[in-house]
Amino acid sequence: MLNKPFRPFAGNTVNLSVSASSQRVEIDNCDSIRIMNNGTATVWVDFGDGTVTAALASGMPVGPGVTEVVAFPAGGARLYVAVIAAGATGSIYFTPGEGI
């Protein structure tokens, strides 16, 4: 399989204001998600269904100012992402798409 650059789905970026409480948002069905932490602290990200919650020091850490692309199996159920930080840290953006 040939690796292709990430290609966003137009107009479907969602964001959350990260805090010390777990928050979640639904993401459009996609192969990959580009995650951009625009805040000042590390956030922890967890993926799952509509009940997913994030906890400090579990899940996937995304450092301040870091952008990651995460791939998922195609054709899955609705995807939710939950985030948390030690305190208020700014916004985190999720852009669904395909590629890496």
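Residues numbered from 1 in each chain as written. Predicted model: local features only at pLDDT ≥ 70, side-chain atom pairs only at ≥ 80, totals over all residues. Heavy atoms only, no water.

Visitor: For this particular structure, what's the right way to read the pattern of salt bridges?
Guide: Pairing between side chains of opposite charge can happen when their charged atoms approach one another. Counted according to the given criterion, the structure contains one salt bridge. With a closest N to O distance of 2.3 Å, Arg7 and Glu98 form a salt bridge. Separated by 91 residues along the polypeptide, Arg7 in strand β1 (residues 7-8) and Glu98 in strand β9 (residues 90-98) bring together distant segments of the chain. (Salt bridge = Lys/Arg side-chain N within 4 Å of Asp/Glu carboxyl O. Helix = DSSP H or I, 4+ residues; strand = E, 2+ residues; numbered from the N terminus.)

Visitor: Where do I start with unusual backbone geometry in this structure?
Guide: Leaving glycine aside, a negative phi is the common case for residues, and trans is the common case for peptide bonds. The backbone of Ala57 shows a phi angle near 65°, a positive value even though the residue is not glycine. Of note, Ala57 is situated in the loop between β5 (43-48) and β6 (60-62). You can call Ala57 exposed: its relative accessible area is 65%. (Buried < 20%, exposed > 50% of the residue type's maximum accessible area, 1.4 Å probe, protein only.)

Visitor: Even after reading the chapter, I still don't get the sheet that holds β6, so can you show me in this structure?
Guide: Where strands meet in a sheet, backbone hydrogen bonds hold them as pairs that are either parallel or antiparallel. Pairing within the open sheet is antiparallel, and its four strands lie in the order β3-β8-β5-β6. The strands lining the two open edges of the sheet, one partner per strand, are β3 (23-27) and β6. Across the sheet, the mean angle separating the axes of adjacent strands is 30° when strand polarity is ignored. Where β3 meets strand β8 (residues 79-84), five bridges bridge the pair, whose relative direction is antiparallel. Counterpart to Glu26 in the pairing with β8 is Tyr80. (Pairing = 2+ DSSP bridges. Axes fitted to C-alpha atoms, helices over the stretch in contact; angles between N-to-C directions.)

Visitor: I'm lost on the nonpolar core in this one. Help?
Guide: Across soluble globular proteins, you tend to see nonpolar side chains buried next to one another. Counting 18 residues, the largest nonpolar core has Ile33, Ile35, Val45, Ile92 and Phe94 as the members making the most contacts within it. Broken down by secondary-structure element, the contributors of at least two residues to this core are β2 (14-18), β3, β4 (32-37), β5, β8 and β9. Here this core gets three residues from one element, more than from any other, and that element is β8. Apart from residues no more than four positions distant in its own chain, Phe94 is found in contact with Asn12, Thr13, Val14, Leu16, Val25, Ile27, Ile33, Arg34, Ile35, Val81 and Val83. Counting residues in each nonpolar core, the second largest holds five residues, with Trp44, Val52, Ala82 and Ile84 among its members. (Core = buried A, V, L, I, M, F, W, Y, C linked by side-chain atoms within 4.5 Å. Contact = heavy atoms within 4.5 Å.)

Everything listed here is a matter of coordinates, which is why it stays silent on function.
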